[in-house]
Each structure stands twice: as C-alpha cells, then as structure tokens.
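Residues per chain are reported as follows:
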Amino acid sequence: MNAVVLNQSKFNTFKWLLKREFWEGRGGFFWAPVIAGGITAGLYALLGIVGSIAGHDKIHVNEMISDASSDDIARTIGSVGDGVMMAGIVLALAIMFFVVFFYSLGALYDERKDRSVLFWKSMPVSDTQTVLAKAAWALLLAPLVALVVGVCVGLVMWLVTALTMSVNGLPASAAMFTHSHPLLIIANVLVALPVQALWALPSVGWLMLCSSAARSKPILWALLLPALVCTIISMMGILDIDVPYAKVWYVLFERPVLSAIPGGFMKVASGHAVLHNGDVRNTLEQLPLSTSWHAFAAPDLWIGGAVGIAFIAAAIYLRRWRELAD
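Predicted model, so just to flag it, every value in this text is computed and none were measured.

Rules used throughout
Residues numbered from 1 in each chain as written. Predicted model: local features only at pLDDT ≥ 70, side-chain atom pairs only at ≥ 80, totals over all residues. Heavy atoms only, no water. Helix = DSSP H or I, 4+ residues; strand = E, 2+ residues; numbered from the N terminus. Buried < 20%, exposed > 50% of the residue type's maximum accessible area, 1.4 Å probe, protein only. Areas by Shrake-Rupley, 256 points an atom, 1.4 Å probe, with all protein chains shown as cover. 1 Å grid on protein atoms, 1.4 Å probe; cavity = no way out; pocket = protein on both sides within 12 Å on 5 of 7 lines; lining within 4 Å. Points joined across faces, edges and corners; volume = space filled by probe spheres on them. Patch = residues over 30% accessible without salt bridge, like charges linked within 9 Å, V, L, I, M, F, W, Y side chains within 5 Å. Salt bridge = Lys/Arg side-chain N within 4 Å of Asp/Glu carboxyl O. Contact = heavy atoms within 4.5 Å. Nonpolar A, V, L, I, M, F, W, Y, C, P; charged D, E, K, R; others polar.

Enquirer: Whenever I open this one, the overall build of the chain confuses me. Can you help?
Expert: A tally of regular secondary structure across the chain gives 12 helices and zero strands. The linear arrangement of helices and strands in the chain, starting from the amino end, is α-α-α-α-α-α-α-α-α-α-α-α. Counting all 326 residues of the chain, 42% fall into the buried class. Accessible area for the chain stands at about 17200 Å²; split by element, carbon and sulfur atoms hold 72% of it.

Enquirer: Would you mind showing me how to read empty space enclosed by the protein here?
Expert: Remark: the empty space left among the atoms is shown by a probe the size of a water molecule rolled over them. Taken as a whole and assessed by the stated rule, the structure comprises one cavity of 30 Å³ or more. The volume enclosed by the largest cavity comes to roughly 30 Å³. Lining the largest cavity are W16, L17, R20, W120, V125, T130 and R319. By residue number, the principal contributor to the lining of the largest cavity is helix α1 (residues 2–54), which donates three residues.

Enquirer: Looking at this structure, I do not really get a nonpolar patch on the surface. What am I missing?
Expert: The grouping of F98, F102, I219, L220, W221, L224, L225, V229, V251 and L252 at the surface amounts to a nonpolar patch, some 910 Å² of accessible area in total. For the nonpolar patch, the secondary-structure elements that each account for two or more residues are α3 (70–106), α9 (218–234) and α10 (245–258). Per element, the largest residue contribution to the nonpolar patch is six residues, and it comes from α9. When you line up the elements, I219 lands in helix α9.

Enquirer: Even after reading the chapter, I still don't get the environment of L301, so can you show me in this structure?
Expert: Here L301 lies in helix α12 (residues 299–321). Sequence spacing of L301 and Q196 is 105 residues, and the spatial spacing of their C-alpha atoms is 9.7 Å. Filtering out sequence-adjacent residues up to four positions away, L301 remains in contact with V195, L198, W199, R255, A295 and F296.

Enquirer: Would you take a moment to explain the layout of surface pockets for this structure?
Expert: Here the largest pocket is characterised by a volume of approximately 570 Å³. Lining the largest pocket are 30 residues, with L93, V189, Q196, P262 and G263 positioned closest to its centre. Broken down by secondary-structure element, the contributors of at least two residues to the lining of the largest pocket are α3, α6 (127–167) and α8 (182–213). In the lining of the largest pocket, the residues fall into 27 nonpolar, three polar and no charged.

Enquirer: How should the pattern of salt bridges be read in this particular structure?
Expert: Using the criterion set out here, one finds eight salt bridges in the structure. The shortest N-O distance in the salt bridge between R20 and E21 comes to 3.8 Å. A relative accessible area of 3% places E21 in the buried class. Residue R319 pairs with E111 through a salt bridge whose shortest N-O separation is 2.7 Å. Within this pair, whereas R319 is found in helix α12, its partner E111 is found in helix α4 (residues 109–113), the two being separated by 208 residues in sequence. In terms of burial, R319 and E111 fall into one category: buried. Within the structure, one salt-bridge network assembled from shared partners comprises R20, E21, E24, E111, D127, K134 and R319.

Next comes the structure, spelled out in structure tokens:
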C-alpha cells in the first residue's frame, strides 16, 4: 500500500513538473509555431484571394490540363492537397527543431544562471525527475504540440486551396476532398514520432549535458567541442592516415548536434526498407507509415539512444553538485 502511495506521489510530482516546463516555455512550445503558422496560413489565404481576383492564368491552366484524363487530373489535385497539408506540418516541426535545440541547451544552464535552481532544490523534487521532465518535453511533448499546430495550419491551407480551385472553376476541383489523404498524413507523422524521439536522444542528451556542465556559454561547448574533435581527427589525413571523414563527422558531430532535425532518421529507415523489401516506393502510402519503423532495425538508432541516455544520466549527476553558473 505504501509503495502504491509513493508511486502515485512520484507520478503527481512528475506531472506537475511537466506542467511547470510548459508554463515556463510556452512561448516556444506553443506560441512560436502558432504565430508562424498563423502568418503563413494568412499569407497563403491572401495569395489565394489575390490570385482569384487577378485570374490571369485561369485560361492557361485550363489549356494545360485539357489533354489530361480525368483520373490524372484528380490524382494531381489530390497530390497538391497532400503537399499543402504536409507543408503546414513541416513548417511547425521545423520551428520546433530550433525551439527544442535552444530549450535543451538552456534547460539546466539558465536555472543556474538566474539562481532559481536553489529554490527548486529546496522543493521535494529529485534531480532525476526534473531532468527527465525537461527531456520529455524536448523528445515527445514539444513535437506532439508542434504536430497538432501543424495539422491545424495544414488543414486551413488545404481548405484555402480547395476553395480557391472551386471558385476559379478548375476541372475536378472536388478531387481535393476525394483524392487527398489528410488522415493518412496525420497517421504517418504520429507513427514516426516514437522513432523521431529515439533518434533525437543523443542530440537532446548532449545539449542537456552541455547545459548542465558548462559554467558559461553552453552553445560553444555543444558546437565547438565536437567540431574541434572532428577537425583534429580529420587533420590526421595529413600524416597519410586513412581517415573516414564522413563517418567521423557523422558520429561525432551530426548525431550529437543535429539528430533532433525532424525526419533525420528516414535515411536510415529507407536503407533498411531497401534491404527488407528490395525497393522503396516513395508514395504517400509507403512513406513514412511503413518505412519509418524500419529504423528500429538499424543499430545506429539503438546505439545513439544508449549514448543519449548516458548523456542524460551524466546531466542528472552534474546537476546534483553544480549549482550556479558564472
């Protein structure tokens, strides 16, 4: 009974820490993609209105598609709808990459710099729970919020496109609704989120480790240290030593610094899909719904995840004794 009460208490504490991280970082987690998406959707709608009023190319477009079959026209319009929908999601996820990068980099440094860590250490909250709550936002919750915002922006742009086509009387404009795949696109991205979280672990872990260890300017440690190590190793080629430059920079710089870029795992997933299926059909139905999970067969994913966990563990250890920043 006591164990159940203790676990419930830890769960409530962790849930409270997640809420705290959101309220302290809601400007980046929520408002950044909302504002950028709103501006993009507004400009896109304005472009549709201006294009409909001008209407210079309406006859030209009709002439271009007059020789195409109705099925080809419908598929083309459906592809346009899919592309517009994906554009909203990609925009939100791209913004979230920068948010997660700088959030992870300052997550443990900023609280030492403004001395708020002294207050939080006086609370009945462990260092492990605090760091894991920050990692949960960087790896899972922030991308999920970005996905929700991106879907909303994509749907608005999708509807604007459909209305613009209908108003201008383009043939088979109804195909925007019958041949687009908005639900499949949402499912594709949701399926890829766990893979993306595991793929981003070494980057988030490394940035949080630098945030916890650096006494000043953690961004210099996060970027210059791996770049300097890679440069030194690369210079060994001057001594006629065979250096695999691409692998060195991939392992020591790209993975710890840039792995949080959305979709970075796809090159590994696609490679294993080729080995598994013999070829990769780059259609919406195959990518990334059935392809992204092939990344789980890549040792790179699991090795990087293990290294990322080690980085986060080191960040927890350092937070216990390093209290203030210069």
